[in-house]
Amino acid sequence: MSDSNLLEKIVALCKRRGFIYPGSEIYGGLANTYDYGPMGAELLRNIRNLWWDYFVHKREDIVGLDASLISAAKIWEASGHTAGFADAMVDCKNCQARFRADHIISDFFLNFYRLSSKSKDASELISDMVGNNPLIIIPSDDKKGIETKLEGLPIEQLTKLISKEKILCPNCGKSDWTEVRKFNLLFPVNLGIVEGDQSLAYLRGETAQGIFINFKNIVDSTRVRLPFGVAQLGKSFRNEITLGNSIFRTIEFEQGEIEYFFDPEKEDWQKLFEDFKKGMWNFVVSSLGVKDSNLRWREHSDQERSFYSKKTLDLEYNFPFGYKELWGLAYRTDYDLSQHQKFSGKDLTILDPETNKKILPHVIEPAVGINRLMLMVLTDAYSEEGERIFLKLNPKIAPYKAAVFPLLANKEELVNLARKIYEDLRKEFLIAWDDRGNIGKRYASQDEIGTPYCITVDFDTLKDDSVTIRDRNSAKQERVKIPDLTNYLQEHLK
Ligand SMILES: [Zn+2]
């Protein structure tokens, strides 16, 4: 099975079994939006709950937050998200990394200068490259490099320069660029009902900023002490170009972010970083049940990393379209809090109760896309055996834990007994009921939504008080006494 084929198969299964539908479909669809159907809603909810349980409820040093989706424009100026209005940006079509156009051009000239200065007359070569444009200044003392004067250059000229010099993407090494453009990454919201009297706000571009702007509130209103983390789950919005890899990158997406605040003089950031690294890996492998052979870490290069970050790692998953970022882990220093201090004019430092010193904490940020986790578990679980298609979902995240069938829908004794078993088990687990079609069809539909166990009430049940339990992964069947069913499921769903 080729990999591009695999994504198509998963997308088709998701549509036919109620995981994922294209957004606004009856009106012709709306690009890059998706609706989650009954199975998708359950799967997403299970992933979310596990994440919250693992990183918030199971830890005494992390608390939760649920901040507003609509937020003041100033927040996004401080965070740098609205910089796209002002800066000319260019996107790599191959890897979707986005760069400031002037940065990649000046880096290119700088590297070129460094290489060429060893053998040839660099200044001649470079003035050759840029024609008569006095874009590049070569200082007389040279050695250290060159200065560029690219800022404020018309965007058409930047586009031309990038294509003329065949500048390579610092992230993936290809040279396949969009045109250079200025754009608004965030969705503006006009508040107020009277036109002309409206004020501009934004749908949040990430959940992290809600945490930073509430940092002081949380410290003042709860008993937290450094080091501590604040976790948030929720939707964010970015007006991005996407590549159509299903729900991998969408303009509306759900994030799970933690900002872990600490005093850099008291804590070893590398140890905190390592702890989160272990936690993230463990969550994906143990809680979500994903094969660790499909995971890898990738460290950001100096060029790729934000200037304020000391270290950034991506946990990547082997999607049908290649290894892609699943979960980022970054040491962001005190950059965000100091930006908000600057833009808001508010003191965001806290007092160390021991030393009475003012501290602006540093943060480590693990940030994951919940929808990406969902695409990952679907990819990892997708299995074919001959004609049979089934999702080998970890029982913890499977939408239904079991399904109950009467062998025949028109035999009252079978239906009544099956109905009683169904009602009993429902007190404890989410259970599916199906009496349509034949047993084979019911198995097939439960297999495709990843239900771990199917329980059939047949004529023998009326005699021996036992049912047939069929295992999704092995398709093997065994007989279990009705009073033992709850225990059986509890034991097998662990
Ligand atoms: Zn690239």
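See the structure shown above.
Note that the structure is a prediction, hence the values are computed from the model and not measured.

A.B. asks: Describe in detail the overall build of the protein, supporting the description with residues and values.
C.D. replies: In terms of regular secondary structure, the protein is built from 15 helices and 25 strands. Buried positions account for 33% of the 494 residues belonging to the protein. Put simply, 64% of the contacts in the protein that link residues at least 6 apart link residues at least 24 apart.

A.B. asks: Tell me about the sheet that holds strand β25 (residues 477-481), and name the residues and values.
C.D. replies: Strand order in this open sheet of five strands is β22-β21-β23-β24-β25, and the pairing throughout is mixed. Each edge of the sheet is formed by a strand with only one pairing partner; in this case those strands are β22 (431-433) and β25. The mean inter-strand angle of the sheet, taken between neighbouring strand axes irrespective of direction, is 30°. The pairing of strand β23 (residues 453-457) with strand β24 (residues 466-471) spans four bridges and is classified as antiparallel. Paired with Y453 across the two strands is D471, which belongs to β24.

A.B. asks: With reference to specific residues and values, describe the nonpolar core.
C.D. replies: Across soluble globular proteins, nonpolar side chains show a tendency to be buried alongside one another. M374, V377, L378, A402, V404, I421 and I455 are the most contacted members of the largest nonpolar core, which has 88 residues in total. Three or more residues apiece are contributed to this core by two domains, here domain 1 (3-82 + 187-381) and domain 3 (400-492). Those residues in contact with L378 that lie beyond four places of it in its chain are I10, C14 and L391. Ranked by size, the runner-up nonpolar core spans 16 residues in total, among them A88, M89, W177 and V180.

A.B. asks: Explain helix α12 (residues 412-426) to me, and be specific about the residues and the numbers.
C.D. replies: Taking 1.5 Å per residue as the helical rise, α12 with its 15 residues ought to reach 21 Å, and the 21 Å between its terminal C-alpha atoms agrees with that figure. Listing the buried residues of α12 in full gives L414, L417, A418, I421 and Y422. End-on, the buried residues of α12 take up no more than an arc of 140°, which puts them together on one face. Of the exposed residues in α12, the ones pointing more than 90 degrees away from its buried face are E412, N416 and E423.

A.B. asks: Any chance you could break down the pairing of strand β11 (residues 228-237) for me, citing the residues and the numbers?
C.D. replies: Among the 10 residues in β11, seven count as buried, and that is most of the element. Sheet topology note: the strand β3 (residues 62-65)/β11 ladder contains four bridges and is parallel. Bridged to G64 within β11 is A231. The sheet contact formed by β11 and strand β12 (residues 252-262) spans 10 bridges and is antiparallel.

A.B. asks: With reference to specific residues and values, describe the sheet that holds strand β14 (residues 311-319).
C.D. replies: Ordered in space as β3-β11-β12-β18-β15-β14-β13, the seven strands form an open sheet in which the pairing is mixed. Each edge of the open sheet carries a strand with a single partner, namely β3 and β13 (295-299). On average, adjacent strands in this sheet sit at an angle of 25° to one another, irrespective of strand direction. In terms of strand pairing, β14 meets strand β15 (residues 322-333) through nine bridges, oriented antiparallel. Of the residues in β15, the one forming a bridge with D314 is G328. Packed on one face of the sheet, helix α11 (residues 370-381) meets β12, β14, β15 and β18 (362-369) and runs near 50° to β18.

Rules behind the numbers
Residues numbered from 1 in each chain as written. Predicted model: local features only at pLDDT ≥ 70, side-chain atom pairs only at ≥ 80, totals over all residues. Helix = DSSP H or I, 4+ residues; strand = E, 2+ residues; numbered from the N terminus. Buried ≥ 20, exposed ≤ 12 C-beta atoms within 10 Å, placed from the backbone. Contact = placed C-beta atoms within 7 Å. Pairing = 2+ DSSP bridges. Axes fitted to C-alpha atoms, helices over the stretch in contact; angles between N-to-C directions. Core = buried A, V, L, I, M, F, W, Y, C linked by C-beta atoms within 7 Å. Domains from an automatic or database assignment. Expected span 1.5 Å × (residues − 1). Arc of directions from axis to C-beta.

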